[in-house]
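# Inside the fold
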Amino acid sequence: GGGGGGGYPHGSAGTMPKAAPPAPAAPQAPEVTLDAATYYQQVKRVLEPDQFREFSANIKKLNAGQQSVEETLEKVRDIFGEHRPFLFAQLQKLIRQAEEEARRQSGDGGEGGY
């Protein structure tokens with residue numbers, strides 16, 4: 001009779017390549033404080049000159065306290081139109097930031113307007 005086949009020697013399994021550290025899901029953007037000047041430039045690039053004039057007129061009224069935030073956003077949304085929701089969202093963020101800053105600065109209980 002024939003001899004049985006020899007089994008293969010059990011060496012250590014090939015060393016696994018080190019797995020890369022798991023990338024964080026949804027990279028968290030660093031706290032970007034959207035700054036108004038940058039935003040204005042962006043809007044200016046996107047809008048027609050007369051639309052931009054209308055836009056800044058509304059912002060001036062808001063800053064002067066002649067127009068509420070809601071009113072301003074409503075008018076600006078009309079200026080931007082349906083196809084520029086990102087600009088509108090950024091404006092809301094900017095206004096919210098400005099409001100929070102104003103609240104922080106008028107933390108002495110004074111009547112804080114815009």
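All figures in this text were calculated on a predicted structure; none of them were measured in a lab. (Residues numbered from 1 in each chain as written. Predicted model: local features only at pLDDT ≥ 70, side-chain atom pairs only at ≥ 80, totals over all residues. Heavy atoms only, no water.)

## A few points about the overall build of the chain
Within the chain one finds 4 helices and 0 strands. Its helices and strands in sequence order give the chain the pattern α-α-α-α, from N to C terminus. Relative to its 114 residues, the chain shows a buried fraction of 23%. Approximately 9,200 Å² of the chain is accessible, and the part contributed by carbon and sulfur atoms is 53%. (Helix = DSSP H or I, 4+ residues; strand = E, 2+ residues; numbered from the N terminus. Buried < 20%, exposed > 50% of the residue type's maximum accessible area, 1.4 Å probe, protein only. Areas by Shrake-Rupley, 256 points an atom, 1.4 Å probe, with all protein chains shown as cover.)

## Focus: the packing of helix α2 (residues 49-63) against helix α3 (residues 69-80)
For the pair α2 and α3, the least separation of the axes is 10 Å and the interaxial angle reads 175°. With respect to α3, the element α2 is oriented roughly antiparallel. Taking contact as the criterion, the partners of Q51, E54, F55, N58, I59 and L62 in α2 are, on α3, V69, T72, K75, V76, I79 and F80. When the residues that make up the contact of α2 with α3 are grouped by side-chain class, the tally is 7 nonpolar, 3 polar and 2 charged. (Axes fitted to C-alpha atoms, helices over the stretch in contact; angles between N-to-C directions. Parallel < 35°, antiparallel > 145°, perpendicular 65-115°, else oblique. Contact = heavy atoms within 4.5 Å. Nonpolar A, V, L, I, M, F, W, Y, C, P; charged D, E, K, R; others polar.)

## Digging into the confidence of the model for the chain
Across the chain, the average pLDDT comes to 80, with 67% of residues at 70 or higher. Per-element confidence in the chain ranges from a low mean pLDDT of 90 for helix α4 (residues 85-105) to a high of 96 for α3. (pLDDT = per-residue confidence, 0-100.)

## Observations concerning the nonpolar core
Formed by 18 residues in total, the largest nonpolar core has its most connected members in Y39, V43, L47, F55, F80 and L91. Going through the elements one at a time, α1 (36-46), α2, α3 and α4 are the ones with two or more residues in this core. Beyond its immediate stretch of four places on either side in the chain, F80 contacts Y39, V43, L47, F55, L87 and F88. (Core = buried A, V, L, I, M, F, W, Y, C linked by side-chain atoms within 4.5 Å.)

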